[in-house]
Amino acid sequence: MKQLNKVQAMIYMIGGLLMVAGAGISLMGWTGAPYLYAIGVLGFAPMQMLQRYEGQNVTIRRLRRILVTSDVLFLLTAVLMFASQSNAFGIPQVEYVLYVHNKWIGTLLLAAIIQLYAINRLDSEVEKEAKKR
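Points about the pattern of salt bridges
So, point 1. Overall, the coordinates contain two salt bridges when judged by the stated rule.
So, point 2. Linking Glu-125 and Arg-121 is a salt bridge whose minimum nitrogen-to-oxygen distance equals 3.3 Å. In this pair, Glu-125 and Arg-121 are both assigned in helix α5 (residues 104-132), four residues apart and thus about one turn of the helix distant.
So, point 3. The exposure class of Arg-121 is partly exposed, given its relative accessible area of 26%.
So, point 4. Close ionic contact of Lys-128 with Glu-125 constitutes a salt bridge, the shortest N to O distance being 3.3 Å. Here Lys-128 and its partner Glu-125 are both found in helix α5, three residues apart, which amounts to about one turn of the helix.

A few points about the nonpolar core
So, point 1. Counting residues in each nonpolar core, the largest one holds 17 residues, and the members touching the most others are Met-19, Tyr-37, Val-41, Phe-74, Trp-104 and Leu-108.
So, point 2. Sorting the residues of this core by element identifies α1 (6-26), α2 (33-50), α3 (58-85) and α5 as the ones contributing at least two each.
So, point 3. In this structure, Val-41 is in contact with Gly-15, Met-19, Pro-46, Phe-74, Leu-75 and Ala-78, ignoring residues within four places of it in sequence.
So, point 4. Grouped together as the second largest cluster of nonpolar side chains are six residues, Tyr-53, Leu-63, Leu-67 and Ala-118 included.

Considering α1
So, point 1. Here α1 contains 21 residues, and its C-alpha end-to-end distance of 30 Å stays within 8% of the 30 Å for a straight helix at 1.5 Å per residue.
So, point 2. Residues of α1 that are buried: Gln-8, Tyr-12, Gly-15, Gly-16, Met-19, Gly-22, Ala-23 and Ser-26. An end-on view of α1 places all buried positions within 135° of arc, on one side of the element. For α1, the exposed residues lying more than 90 degrees away from the buried face are Lys-6, Val-7, Met-13, Leu-17 and Val-20.
So, point 3. Looking at the buried residues of α1, the elements they touch are α2, α3 and α5.
So, point 4. The N-cap residue of α1 is Asn-5: its side-chain oxygen and the backbone nitrogen of Val-7 are 3.1 Å apart.

Some words on the packing of α3 against α5
So, point 1. For the pair α3 and α5, interaxial distance at closest approach is 8 Å and the crossing angle is 160°. Comparing the axis directions of α3 and α5 gives the class roughly antiparallel. Crossing handedness for the pair α3 and α5: left-handed.
So, point 2. Residues of the contact of α3 with α5, tallied by class, amount to 20 nonpolar, six polar and six charged.

Parameters at a glance
Residues numbered from 1 in each chain as written. Predicted model: local features only at pLDDT ≥ 70, side-chain atom pairs only at ≥ 80, totals over all residues. Heavy atoms only, no water. Salt bridge = Lys/Arg side-chain N within 4 Å of Asp/Glu carboxyl O. Helix = DSSP H or I, 4+ residues; strand = E, 2+ residues; numbered from the N terminus. Buried < 20%, exposed > 50% of the residue type's maximum accessible area, 1.4 Å probe, protein only. Core = buried A, V, L, I, M, F, W, Y, C linked by side-chain atoms within 4.5 Å. Contact = heavy atoms within 4.5 Å. Expected span 1.5 Å × (residues − 1). Arc of directions from axis to C-beta. Polar contact = N/O pair within 3.5 Å; in protein donor to acceptor, adjacent residues only side chain to side chain. Axes fitted to C-alpha atoms, helices over the stretch in contact; angles between N-to-C directions. Parallel < 35°, antiparallel > 145°, perpendicular 65-115°, else oblique. Left-handed = near helix turned anticlockwise from the far one by under 90°. Nonpolar A, V, L, I, M, F, W, Y, C, P; charged D, E, K, R; others polar.

Structural data, given as structure tokens:
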């Protein structure tokens, strides 16, 4: 796996912290929380996507694709956080509450679970591959 340099690693860590802070503060009702989360995800997701794998191990390639899917869900969560602040789509109130309002929590939860699974499996697979060499 390609490792990040120091600046990229710092952006990755700060992005993750901003994501956690933005999601947590959003539950308290602060209107600036989606901005905090969005800045975090715009730092976290691209840095994670930069960690490429050039090898031939199919399992590691599959796990990398799963991580990219999780990153897309994190980005979708940011969009849904902004949409949950007000009815920006102009749809009727009943449909807005049913389909948009606070649905970002579900996408965030799904992305976090996928991320945890893939990262844990990826670490063990990379270690296995390193032992083979």
